[in-house]
Amino acid sequence: MTQTAPRYVGQSLPRKEDAALLTGNGTWTDDITPAATLHMALVRSPVPHARIGGIDTTAARAVPGVVDVLTGEDLAGEFVAGIPCGWPVTEDIRVPEHRAIAVGEVNHVGDGVAVVLATSATAARDALDLVEVDYEPLPAVVDIEAAMEPGSPLVHEELGTNHCYTWPLATGDVDAAFAAAEVVVEGRYLQQRVIASPMEPRAVVVTPDPVGGGFTMYTATQVPHFVRDILAAICSVPDTKLRVVAPDVGGGFGAKLNVYAEEALALVLARRTRRPVKWTESRSEHHLATTHGRGQVQHMAVAATRDGRILGMKVNLLADMGAYLQLLTPGIAVFGAFTYCGLYDFGAYSFECKGVFTNLTPTDAYRGAGRSEAAYAHERIMDDLARELGMDPAEVRLRNLHPPFDEPRAVPSGVLYDSGDYERCMRKAMDLVGYDELRAEQARRRESGDPVQIGIGIGNFTESGGLSPSKVAAGVRLQSGGWEAATVRMTTSGKVEVVTGTSPHGQGHETAWSQIVADRLGVDPADVEVLHGDTMIAPFGRDTYGSRSLAVGGTAVHLAAGKVREKAMTIAAHLLEADESDLEFEGGRFAVAGTSGPGVTIQEVAGAASLAANLPDGMEPNLTADHHFDPPNFTWPFGTHICVTHVDTDTGFVRIHRYVAVDDCGHLVNPQIVEGQLHGGIAQGIGQALFEHATFDADGNPTTGTLADYTIPSATDLPMFELDQTITPSPTNPMGVKGIGESGAIGSSPAVVNSVIDAVAHLGVTHVDMPATPQAVWRALRAARGQNR
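Quick summary incoming for the structure in this document. Not measured: the values here are computed from a predicted model. (Residues numbered from 1 in each chain as written. Predicted model: local features only at pLDDT ≥ 70, side-chain atom pairs only at ≥ 80, totals over all residues. Heavy atoms only, no water.)

Our focus in this paragraph is the overall build of the protein. Tallying secondary structure elements over the protein gives 21 helices and 30 strands in all. For 789 residues, the compact-globule estimate of 2.2 N^0.38 gives 28 Å, and the C-alpha radius of gyration of the protein, at 28 Å, lies within 12% of that figure. In terms of principal-axis extent, the alpha carbons of the protein reach across some 90 × 70 × 50 Å. Looking at the protein residue by residue over its 789 residues, the buried ones come to 61%. (Helix = DSSP H or I, 4+ residues; strand = E, 2+ residues; numbered from the N terminus. Rg over C-alpha atoms; globule rule 2.2 N^0.38 Å. Buried < 20%, exposed > 50% of the residue type's maximum accessible area, 1.4 Å probe, protein only.)

The next thing to look at is the nonpolar core. Ranked by internal contacts, the top residues of the largest apolar core, which has 155 residues, are Met 40, Tyr 165, Leu 231, Tyr 340 and Phe 351. When neighbours within four sequence positions are excluded, Leu 231 is seen to be in contact with Met 217, Ser 236, Leu 242, Val 259, Glu 263, Ala 264 and Leu 267. Core analysis: the next-biggest nonpolar cluster, separate from the first, contains 44 residues, Met 569, Ile 571, Ala 573 and Ile 602 among them. (Core = buried A, V, L, I, M, F, W, Y, C linked by side-chain atoms within 4.5 Å. Contact = heavy atoms within 4.5 Å.)

Let us look at the sheet that holds strand 4 (residues 105-106). The sheet built from three strands is open, its strands ordered 4-2-6 with antiparallel pairing. The open sheet has two edge strands with one neighbour each: strand 4 and strand 6 (132-137). Here six bridges tie strand 2 (residues 50-56) to strand 6, and the two strands are oriented antiparallel to one another. Across the sheet, the residue bridging to Ala 50 is Pro 137, located in strand 6. (Pairing = 2+ DSSP bridges.)

Tallied over the full model, the rule gives 13 aromatic pairs. Relative to Phe 338, the ring of Trp 167 lies with its centre 6.1 Å away and its plane at 85 degrees, an arrangement referred to as edge-to-face. Taken together, the residues Trp 167 in strand 7 (residues 163-171) and Phe 338 in the loop between helix 10 (331-335) and strand 17 (348-357) connect sequence positions 171 residues apart. Take Trp 167: its relative accessible area is 10%, and that puts it in the buried class. Relative to Tyr 376, the ring of Tyr 189 lies with its centre 6.4 Å away and its plane at 85 degrees, an arrangement referred to as edge-to-face. One end of the pair, Tyr 189, is in strand 8 (residues 183-191); the other, Tyr 376, is in helix 11 (residues 371-389), and 187 residues separate them in sequence. On the accessibility criterion, Tyr 189 (1% relative accessible area) is buried. For Tyr 376, a relative accessible area of 0% gives the class buried. (Phe/Tyr/Trp six-rings, centres within 6.5 Å; stacked < 30°, edge-to-face > 60°.)

This brings us to empty space enclosed by the protein. All told, the structure shown has three cavities of 30 Å³ or more when counted by the stated rule. Empty space within the largest cavity amounts to approximately 170 Å³. Its residues placed into classes, the lining of the largest cavity shows nine nonpolar, five polar and five charged. (1 Å grid on protein atoms, 1.4 Å probe; cavity = no way out; pocket = protein on both sides within 12 Å on 5 of 7 lines; lining within 4 Å. Points joined across faces, edges and corners; volume = space filled by probe spheres on them. Nonpolar A, V, L, I, M, F, W, Y, C, P; charged D, E, K, R; others polar.)

Enumeration according to the criterion identifies 36 salt bridges in this entry. Measuring nitrogen to oxygen at the nearest pair gives 3.4 Å for the salt bridge that ties Asp 30 to Lys 278. In this pair, Asp 30 sits in the loop between helix 1 (18-22) and strand 1 (38-44) while Lys 278 sits in strand 13 (residues 277-280), placing the two residues 248 residues apart along the sequence. A residue is classified by how much of its surface remains accessible, and Asp 30, at 41% relative accessible area, is partly exposed. (Salt bridge = Lys/Arg side-chain N within 4 Å of Asp/Glu carboxyl O.)

If you trace the seven strands from one edge of the open sheet to the other, you get 3-5-1-13-10-11-12, paired in mixed fashion. Both outer strands of the open sheet, strand 3 (66-71) and strand 12 (242-245), are each paired with one neighbouring strand and no more. When strand polarity is set aside, the average angle formed by the axes of neighbouring strands in this sheet is 20 degrees. Lying over the sheet, helix 8 (residues 261-273) contacts strand 1, strand 3, strand 5 (112-118), strand 10 (203-208), strand 11 (215-219), strand 12 and strand 13, oriented at roughly 130 degrees with respect to strand 1. (Axes fitted to C-alpha atoms, helices over the stretch in contact; angles between N-to-C directions.)

Packing of helix 7 (residues 224-234) against helix 8 brings their axes to within 11 Å, and their N-to-C directions diverge by 55 degrees. Our classification of the angle between helix 7 and helix 8 gives oblique. Taken as a pair, helix 7 and helix 8 cross one another with a handedness that is right-handed. Residue-level inspection shows Val 227, Leu 231 and Ile 234 of helix 7 in contact with helix 8, the latter providing Glu 263, Ala 264 and Leu 267. Looking at the contact of helix 7 with helix 8, its residues break down into five nonpolar, no polar and one charged. (Parallel < 35°, antiparallel > 145°, perpendicular 65-115°, else oblique. Left-handed = near helix turned anticlockwise from the far one by under 90°.)

This brings us to the pairing of strand 23 (residues 528-531). When strand 22 (residues 496-500) meets strand 23, the two strands line up parallel, connected through four bridges. Looking at the pairing, Val 499 lines up with Leu 531 of strand 23.

For the α-helix, the turn length of 3.6 residues means that residues three or four positions removed from each other point alike. Burial runs high along helix 7: nine of the eleven residues are buried. What helix 7 keeps buried is the set Pro 224, His 225, Phe 226, Val 227, Arg 228, Ile 230, Leu 231, Ala 232 and Ile 234. In this structure, the buried residues of helix 7 make contact with strand 11, strand 12 and helix 8. Phi turns positive, to about 55 degrees, at Ser 236, one or two residues after helix 7.

This part is about the pairing of strand 17. With eight of ten residues buried, strand 17 is to be regarded as a mostly interior element. Direction of pairing for strand 7 relative to strand 17: antiparallel, over a ladder of eight bridges. Paired with Thr 171 across the bridge in strand 17 is Tyr 349. As paired elements, strand 16 (residues 310-322) and strand 17 share ten bridges and run parallel to each other. Across the sheet, the residue bridging to Lys 314 is Ser 350, located in strand 17.

Residue Pro 771 is bonded to the preceding Met 770 through a cis peptide linkage, with omega at -5 degrees. The residue Pro 771 is located in the loop between helix 20 (743-760) and helix 21 (774-784) in this model. Backbone geometry places Ser 197, a non-glycine residue, at a positive phi of 55 degrees. Structurally, Ser 197 can be placed in the loop between strand 9 (194-195) and strand 10. On the basis of relative accessible area, Ser 197 is assigned to the buried category, the value being 15%. Even without being a glycine, Ala 612 presents a positive backbone phi close to 65 degrees.

This paragraph deals with the packing of helix 12 (residues 393-400) against helix 13 (residues 422-433). Put simply, helix 12 and helix 13 touch, their axes get as near as 10 Å, and they point 160 degrees apart. It follows that helix 12 is roughly antiparallel to helix 13 by the angle criterion. Both helix 12 and helix 13 take part in a crossing whose hand is left-handed. Across the interface between the two elements, Ala 394, Arg 397 and Leu 398 from helix 12 touch Glu 423, Met 426, Arg 427 and Met 430 from helix 13. Split by residue class, the contact of helix 12 with helix 13 holds four nonpolar, no polar and three charged.

The subject of this paragraph is the environment of Glu 586. For Glu 586, the location among the structural elements is in strand 24 (residues 583-586). Given the relative accessible area of 47%, Glu 586 is considered partly exposed. Between the C-alpha atoms of Glu 586 and Val 415, which are 171 residues apart in sequence, the distance is 41 Å.

Bringing the state of the cysteines into the picture now. Joining two cysteines, a disulfide is a covalent bond between their sulfur atoms. On inspection of all chains with the given rule, the structure shows zero disulfides. The closest cysteine sulfur to the non-disulfide-bonded Cys 425 is located on Cys 665, 10 Å from its own sulfur. With relative accessibility at 0%, the residue Cys 425 sits in the buried group. Free cysteine Cys 643: the closest other cysteine sulfur is in Cys 425, separated by 16 Å. Overall, the relative accessible area of 0% leaves Cys 643 in the buried class. (Disulfide = S-S within 2.5 Å.)

See below:
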């Protein structure tokens, strides 16, 4: 059968999702308030570490509208287990008990200690301040390096240590590589804590079914299937009786890749009261009780020759777990282990990560989880190596890139990258930005002593996207399969319904999946309806994170649609009284090749399949197919980002003058969606590089509890992004796609910080930690000049 050339894949079709969202007709969880709803509010600990001496709820119960005030002890019988960790990375990992609401002890500011139920959100909030809690303060652990010192206070006394786990990896002879090195460069880099800050905070509504005995949960989540499966287990509800719906979700960025205490509490309280229960997070609660990202101290070393060839690499991490292990907390740093070697080819590599407990908000996934941290470290040390050797940073990188490859290639960390042409991508970025001209301008400014210096920073990266292979997941003890599910069905009228197990929160799945199916079935994208985010409609799915939606979920849709087309071809051949091998399929019509007959449209085939009066013997009616896709490997998107900054050496102020990014995510389904994902990711990476930092005082009290204290970039802080692509198809899936959702956040932070340091390195500043605020840069310049800080 003749294969139809793509008509829609590769085009920037307008997003189907936007009309409702831009006109205020979306449906967010907070828009949902069933009749007789009870509003939930949590009393949260104002101290980072304390025993709970007692809780007096008398005054709070007297507030008009308050229905009940409950403590952890009141609710202990509602749960069969605590909030689980889904990634216990080692057999001997220490996992503290994590109750949905604290009993006996609180371990970070924001830990829930009591819950108020009221007939209005206002009454629930008013009652919070009237709950009296007797806190008996305990020493708090804030710094992860100090937490590992002998005699440090303990976050969880019952564990006897703040050490959560140690996870090692080694390939090649690292000791020999370092012994043979002509140059060894070491670096210590900080990954500060950051806060996801999506436009929509978390929210949950649970409605009990008085007839069937089940529950419907609406929740602002990236992972409705995870929420269903885990809450069913810990709250003793049959998974067939728990429907989880993710309505429109206003951003996730990893913070909504979790199962939270508030979701569990809302479920058990709806069961307890037999009334709907609703909770909506405030922005300050988001800063305290939603997982933070990053939080690492990175020690890194490279061994090299004098001509810039890398021989070996060592990575040692301390990773901040926070007070508890959320769904993926221990695995985030481990996930990066495979990409600290970046795009570079050398013979020996070692990695060791130690997880550490602190009395701070738990950490977990944040855009680019693990891979962003890895790219930052390997790109910082590449610049450090270039300075040590007196070489151009681009030249050092070019000398160490893997040669082009289109089949899986083993890399220093021991995994197989799928395909890559790194030099082509890097040189394209250098040409686009005018690299040589920028270096010449930099030299002129340095010679003239211009107070505003120019810096050029490179961020090369690859990431393990398409988070998927179930066997690989099991090998690193991730408690989840990596497959994805899809159903494609043609209705009697010839329209198409697609059911996908991925759950979008801004990625444009409805548009992209329609394009994929439209090409496979020869229909118009407008005739394709994509259903998602509802475990009743899509009972099977592994949801959206880790740049996996297109490479895994989209491929499942592609393959399911292929099955529908194959069945349609068999029916069409029967209707046309022809052999299948003689048919061609073009523009949605089956016809016998080389004839002028009218053929039959796929819509007509769908009608015949529904009528079922004239089908091949033994064929089931209707055009419908399922596919569960479990890829053999990750995909490995890559790119080169180059940032050009102007740094005022008198004030430390940094302005991004230009930002160029050349990315390779394999084949593009919708280029405009790709650009949008890059814009958002680059903005977040710039935010970490220059602005964002979730800080705490020495006692563990947050000092960035609101957006008045926690700075995120605005549009005026960002430059125009100059974007381009190379295309290196992935052999991992039949579409040749790789994923793009996290790439912008991975390449941008190292590009920006390298650029800032490059601008002032000739003045003696060779290190600035993120965020590179004007004050941080100014202080570094004063220190380099020998001036008092």
